Each structure stands twice: as structure tokens, then as C-alpha cells.
Amino acid sequence: MPSVVIAAHNEERVLGPVLDAVLRQDVADWDVIVVANGCTDRTAQVADRPGVTVVDRPEPGKAGALNAGDAIATGFPRIYLDADIVVPEGGLAAILERFSENPAALVVVPRRRLDVGGRPWPVRAYFTINERLPAFRRGLFGRGTIAVSEAGRARFTTFPALIADDLFLDSQFTDGEKVEAGDVEVVVETPFTTRDLLRRLVRVRRGNAQLRAAAASGQVDVQVRPSDRWAWLRDVVLPAPRLAFAAIPYLAITVTAALLARRAAKAGAWGRDESTRGRAGSPVEGTQS
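Report on the accompanying structure. (Residues numbered from 1 in each chain as written. Predicted model: local features only at pLDDT ≥ 70, side-chain atom pairs only at ≥ 80, totals over all residues. Heavy atoms only, no water.)

The helix and strand inventory of the chain stands at 11 helices and eight strands. A compact globule built from 289 residues should have a C-alpha radius of gyration of about 19 Å, and the chain, at 18 Å, falls within 12% of that. Dimensions of the chain, computed from the C-alpha atoms along their principal axes, are close to 50 × 45 × 45 Å. Across the chain, every contact between residues at least 6 apart in sequence was considered, and the portion connecting residues at least 24 apart equals 80%. Summing over all exposed atoms, the chain offers an accessible surface of approximately 13,300 Å²; the carbon and sulfur share of this is 53%. Measuring between centres, the 37 positive side-chain charges of the chain sit 10 Å from its 35 negative side-chain charges. (Helix = DSSP H or I, 4+ residues; strand = E, 2+ residues; numbered from the N terminus. Rg over C-alpha atoms; globule rule 2.2 N^0.38 Å. Contact = heavy atoms within 4.5 Å. Areas by Shrake-Rupley, 256 points an atom, 1.4 Å probe, with all protein chains shown as cover. Lys, Arg positive; Asp, Glu negative; His and termini not counted. Charge placed at Lys NZ, Arg CZ, Asp CG, Glu CD.)

Below is the structure:
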């Protein structure tokens, strides 16, 4: 019996369609848990429906929310789903099927499609390079849906109080233990403005640096994949020189985010990208082929 755990912080505008899609899935005997954490909106009320267990935590923090969901989840595989990712009909069943097809699989993810419609040119150019990076072809991050087997979940006790939960999960498994369900596609919204893209990248960089520092000090027992600063050139632009023009804004945005990430964080500054919450057409349902 699988379990779905959704950590949700102020997601009232996008959570409804996500839960509609989850509850339409052809999966028997499962539990769906939404952990509303530190919400100042109606996230908990939106989640309160038949078939869903709601945990309303006053404390914000995704790691704490995931741990709270894990504490009451009863089944495996354990599916960690972001609160803005709409899983296509039949998608979860197809993901779960991969575990029985491949005995070596400890974690399964869908493929992702980045929605760049209506975004300004710098954002579209950035993701033209980003979506071709090897890390996003092999890694678990950036998909918003990660299914972990019981054996895979036994690799760690709880999520550490760190931002980079996807990278933490990615660090638990070898490439041979990761499987992509290529026939299941989820749509990942990209930021609607360059500033919002920078906001997201700064948060990611700070989270990744925090996790690497924790791993180096022994605070968490994982081997984090190293940062590959030249993959954009070596693996993307040189094999496809036509992408050179997209590389210019990609590099400018990447360098700017790196500089901003080194500054001391201020409350409310350079945090979560809010531009994809509540926009017309967001979230978008994925497909199963």
C-alpha cells in the first residue's frame, strides 16, 4: 500500500487541482497526507476532503513537514509530491509499476517538462540550457515527484532540517538505483520573471551549499554530488553551438545568483518563487504516454 506525502506552505491557490489529480489515480489501498506547515492562508481547509489526512503544523519548514507526514504514513512506496505538481491520470500507477519491473530500483521519478510559455526571453534562454544539463537527466531533483521504496526509505531516518530535500534524497542513491518512468510526464512551472528566477536560484544555491557543508562536517551522512560548473559549456553548448546565444543570459543569471547567494540572507528576501502560485493555467497537468 503506497503513501503520498505532500508538504504544503501557503499553497491554497494550487493545491486543489493537485489533490484532484491524486485522488483520480487508479491506485488501491493507499493513504494521502497533506502537511500544511506555517500557513497563513487556507491550505489546510483546501486539503480537508475525503481520502486525505491533513496535518496542520504551526511551524514552517519543508523538512519538518515531510517528517510529520512520514510519522503517520503507513505504506510503501512512499511518494513525496510537491504541492504544485499535477500528476497525470495513471501516472502514479505507472511509477509504482517500475519497482516491480526493476528489482534494483529504490527510487522512481517521472520525466519533467518545463513550462516556459509566456516567460521573458532571459528566463526561456536560461532553461534552454538548464534542461539539457546532465544533472537534470540523472538527478532526482527538479521534478516535484519522488517515489521511494521501503528499502530505499530505510537509508535514512528523518529529513534533516535543511532546504535541499531533493538533493538530500538524490545523495542517498546510486545512478543504478534510480529509475525514470519515461512514459509519465509532469509539468514543472518556471518563474514568470527574471527576478523570480534569481530568487529561486539563490534559494537553491544556499540550500545546496548548506547540505554540502553539513555533509562535509558529518552532520548528515551522505555523499553529495559535486557541483559541475562547466557542464553548461562542455555538455550543452559545445555539442550544440546554436545554443551559444542562450548561454549568454544563462551565464549572466547563474553568476548573479551565485553572488547573491553569498550575501547574508534577509527575512523575506531571495526566498521561494511566488510567481508560479495562482497564475492562470497553473498548475498544469502532465501526460502519460
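Our next topic: the packing of helix H5 (residues 121-130) against helix H11 (residues 244-262). Two packed helices can be described by the angle between their axes and the distance between those axes. Packing of H5 against H11 leaves a shortest axis separation of 8 Å and a crossing angle of 95°. The orientation of H5 with respect to H11, classified from their angle, is roughly perpendicular. Residues Trp-121, Pro-122, Ala-125, Tyr-126, Thr-128, Ile-129 and Asn-130 of H5 touch H11, and the partners they reach there are Phe-245, Ala-246, Ala-247, Pro-249, Tyr-250, Ile-253 and Thr-254. Grouping the constituent residues of the contact of H5 with H11 by class yields 11 nonpolar, three polar and no charged. (Axes fitted to C-alpha atoms, helices over the stretch in contact; angles between N-to-C directions. Parallel < 35°, antiparallel > 145°, perpendicular 65-115°, else oblique. Nonpolar A, V, L, I, M, F, W, Y, C, P; charged D, E, K, R; others polar.)

What follows deals with the pattern of salt bridges. Following the criterion strictly, the structure yields 21 salt bridges and no others. The partner of Arg-119 in a salt bridge is Glu-189, and the shortest N-O contact between them spans 2.5 Å. One end of the pair, Arg-119, is in the loop between strand E5 (107-115) and H5; the other, Glu-189, is in strand E7 (residues 178-189), with 70 residues separating them in the sequence. A single burial state applies to Arg-119 and to Glu-189, both of which are buried. Across the pair Asp-196 and Arg-199 runs a salt bridge, and its minimum N-O distance is 3.8 Å. On the criterion of helical spacing, the pair formed by Asp-196 and Arg-199 is a turn pair, its members being three residues apart in helix H9 (residues 194-217). Each member of the pair, Asp-196 as well as Arg-199, carries the same accessibility label: buried. Residues joined by salt bridges that share partners form a network here, namely Asp-170, Asp-175, Lys-178 and Arg-225. (Salt bridge = Lys/Arg side-chain N within 4 Å of Asp/Glu carboxyl O. Buried < 20%, exposed > 50% of the residue type's maximum accessible area, 1.4 Å probe, protein only.)

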